[in-house]
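Read off the chains here:
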Amino acid sequence: MMDFHSPADVSLDGSSHISPSSSISSESDGLYPSLENLYRRSGEDDDFDSETPSVSPSHKRYLYPQREFVEELRPEEIRWFFRHDNGKKWVAFNGYDSLRIECRYLALKLENDGDIDENDKILARGGLYEVDVAARKCFPIYWEGEECGIIRGTWFDGSSWQPMDEEHATKIEENHLEQFIGQKLEQSSVEKPRGAKPVIFNLQFKDFHVDWNATDEIYMFDESTSSKLIRNVKQTLGWQKSGIRLHRGYCYESKMEDKPPDVSHLVFVIHGIGQKMDTRSIVRCTRDVRERVKYMRTKMFPDFDQCNKRAEFLPVQWRSSLQLDGDTVDSITPHKMKGVRNILNSSAMDIMYYTSPFYRSEILQSLQGEITRLYQMFCSRHPYFEANNGKVSILAHSLGSVITYDILTGWNPLNMYDELIKSLLRDETERALGDTDILSNVEQAGNKVKELEDLMSSIREKQGGNSLSVPFKVENLFCIGSPLAVFLALRGVRPKGTGSHDHIIPSNLCGRIFNIFHPSDPVVYRLEPLILKHYSTIMPLQIHNFSAPKKRPYSKIPRTAYAALTSVIDDVSRKTKGVDGASSEIIGINSSTESGVEVKAQKFSLRGWLNNNRKKESSEKLSAELRTMNTMIKGAEVEEPMYKDPSEIDKTAHYKATFIPELEFRLDFQLKEQRMANSYLSLLTSHTNYWTNRDVAYFILTHLHPELQEEHTL
């Protein structure tokens, strides 16, 4: 049996003592594997104990282990920490990582074990970092930079539980064991004793000294001039000598179950323009998304960790390694306003590079190669991912969404030119039938076309052609701040009149595509009108506020017309008023149905009026608009007709939206504007604020794990 004490009862200023709490039995015997089982090579680290469910924060035992006798610290009582170069505090590894790092540390200390390779690394921090125990370094696997130091924590500041410097802690530990090993630990009294306890042992350092008042009461005193002055004043006033209380062993034990869930969904985060200005920006943006998605998961779905699955986000740096034109553009840049021009060259020029036939294929191959490299690297370190049918999604920003789309679909401008030449040749052949001279000329032209096709084929092969692909199916493509729709429109993509997005991106390549944007973002365009044209009159779905207690599922939200189009309904209502006393009672179609358009602030039910008066009224008495809608009610039209009058196009598109099939899935999702937000300020900031938006994080989380949508829906 061992006594454990809660850190909440520990005095932060060192003046009071630890109060005893209830005792529990030790779990050290038989619970943790031996050193040989814990020690793993770098290729096996992440797969080790992968089926063990993680422990949620509510199940962690924040207990300070207090033994009956002074003995060696167990691996469970030691905690390893990491700290970034610009960080002020040490951050503890989780229990799973700390135990494995400690066992590697102990293995390296065994001098007669010749099989230990100091270059072996341990996967840590969710599998995103590797730890070099011998070098005391932790560094990222999937991106460059961000190297940080690690420290072995044995003695801790009782007020903050920050570890002492490893060199000092080692010396304190050696002297503590030398003086007190095997001695019985004194039980601290709840009541503060009167008078100061005598110092039974003292250890002097350059800037501080450590006093032992008992085997379990150790204090550190600062030897700086200012601290001495304050201490002398306190002693003059009769105050009791005080210092910082030190604790041996971390405030709670490391557990093998204390680890993040296994990765079930991998998300590649792809940047747009501007990466050349700051090569680390996508790493920070990915970290922002990862942290906010994790926050949403912990806050909104605290029990989800029991499912032992999570989404992981990896940054894809496709621009950093590209040279493109070298310094040619810089050399032709005027010196006037050089700073502004350099910013434009490092950001907006990426769009021009991508539309250039010289650099487009280089950019495509860079992104495709980087995604493939990261995926293969990830799978080699997480062999369970593919075995468990792990899913892959892509989160692409701005121009990155266009490049990603072209990789997934294999779109190439040469294909469009090829089809144009073939169509022209077919037209000329049909026109030349019966005329031998013209047929001869067409035949010669055909031979030249064949030569051109061979030339284009060779160019296509050099550019990668349609060979660009990724070694997985994309489950979801999240486009944020995306101009993809305008690129597709300029390539000739037009609505097909069906509710499927297959003519934009086939479902076998991408299951769902989400176009997420802020209404003030000047770069974004809508995708839905490229599938069904009348959706230009239908508002995008508004993304839910994450803090709302109940949320209607997006699939059940009725379509809502833009307020600007309600005047069209007023015109129709006035035309129908008074026809055989017909009433203009209203509203459109029942908003609870999927096929209805919810028109707020209106009272006109056209369908009800037509059903009640179809037998009474002749088609001659109906306006052109009503005749068109009457035809659509009978189900005669699905494809959109061509109109010459622009006003008729808008009206008919609005009327058809009421009756033709809806989209299979909604694609456009709009963030809510803040009431007090300045439109011009939003214009400048909205394009880059997606990464830190919690509503976006909640949206991504619930679509990566669709089962979570059921918990907070109406």
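Residues numbered from 1 in each chain as written. Predicted model: local features only at pLDDT ≥ 70, side-chain atom pairs only at ≥ 80, totals over all residues. Heavy atoms only, no water.

1. Some words on the environment of Glu312
Its location among the elements puts Glu312 in strand E16 (residues 310–316). Looking at Glu312, the relative accessible area reads 3%, which means it is buried. Measuring from C-alpha to C-alpha, the distance between Glu312 and Phe268 comes to 8.5 Å, with 44 residues separating the pair along the chain. When near neighbours in sequence (up to four residues on either side) are disregarded, Glu312 contacts Gly126, Leu128, Val263, His265, Leu266, Val267 and Arg290. (Helix = DSSP H or I, 4+ residues; strand = E, 2+ residues; numbered from the N terminus. Buried < 20%, exposed > 50% of the residue type's maximum accessible area, 1.4 Å probe, protein only. Contact = heavy atoms within 4.5 Å.)

2. Things to note about the packing of aromatic side chains
By convention here, two paired aromatic rings are described through the distance between centres and the angle between planes. Per the stated rule, a full pass over the model turns up 25 aromatic pairs. Here the aromatic rings of Phe478 and Phe514 are separated by 5.1 Å at their centres, their planes lie at 15°, and the arrangement is stacked. Of this pair, Phe478 sits in strand E18 (residues 474–480) while Phe514 sits in strand E19 (residues 510–517), placing them 36 residues apart in sequence. Each member of the pair, Phe478 as well as Phe514, carries the same accessibility label: buried. Cluster of aromatic residues (ring-pair linked, three or more members): Phe81, Phe156, Trp161, Tyr250 and Tyr252. (Phe/Tyr/Trp six-rings, centres within 6.5 Å; stacked < 30°, edge-to-face > 60°.)

3. Quick look at a nonpolar patch on the surface
A cluster of nonpolar side chains, namely Leu681, Leu683 and Leu684, defines an oily patch on the protein surface of about 320 Å² accessible area. Relative to the helices and strands, Leu683 is located in helix H19 (residues 679–685). Exposure remark for Leu683: the relative accessible area of 40% places this residue in the partly exposed category. (Patch = residues over 30% accessible without salt bridge, like charges linked within 9 Å, V, L, I, M, F, W, Y side chains within 5 Å. Areas by Shrake-Rupley, 256 points an atom, 1.4 Å probe, with all protein chains shown as cover. Salt bridge = Lys/Arg side-chain N within 4 Å of Asp/Glu carboxyl O.)

4. Notes on the side chain of Thr702
Relative to the helices and strands, Thr702 resides in helix H20 (residues 694–704). On the accessibility criterion, Thr702 (3% relative accessible area) is buried. Engagement of the side chain of Thr702 in a polar contact is seen with the backbone oxygen of Tyr698, the distance being 2.9 Å. Setting aside its immediate chain neighbours within four residues, Thr702 contacts Phe301, Leu708 and Gln709. (Polar contact = N/O pair within 3.5 Å; in protein donor to acceptor, adjacent residues only side chain to side chain.)

5. Brief notes about unusual backbone geometry
In the Ramachandran plot, Arg136 falls in the positive-phi region, its phi being about 55° despite a non-glycine side chain. For Arg136, the location among the structural elements is in the loop between strand E7 (129–132) and strand E8 (137–140).

6. Some thoughts on the confidence of the model for the protein chain
Reading predicted coordinates in detail is not appropriate for stretches of low pLDDT. Per-residue pLDDT for the protein chain has a mean of 74; in total, 61% of the residues score no lower than 70. This model gives residues 188–193 a pLDDT under 50, and the stretch forms 14 contacts once residues within four places in sequence are excluded. (pLDDT = per-residue confidence, 0-100.)

7. Things to note about the sheet that holds strand E4 (residues 79–83)
The sheet built from 6 strands is open, its strands ordered E5-E4-E9-E8-E7-E6 with antiparallel pairing. The outermost strands of the open sheet, each flanked by one partner alone, are strand E5 (91–92) and strand E6 (122–124). Pairing geometry for E4 and strand E9 (residues 148–153), over 5 bridges, is antiparallel. Looking across to E9, one finds that Phe82 is bridged to Ile150. (Pairing = 2+ DSSP bridges.)

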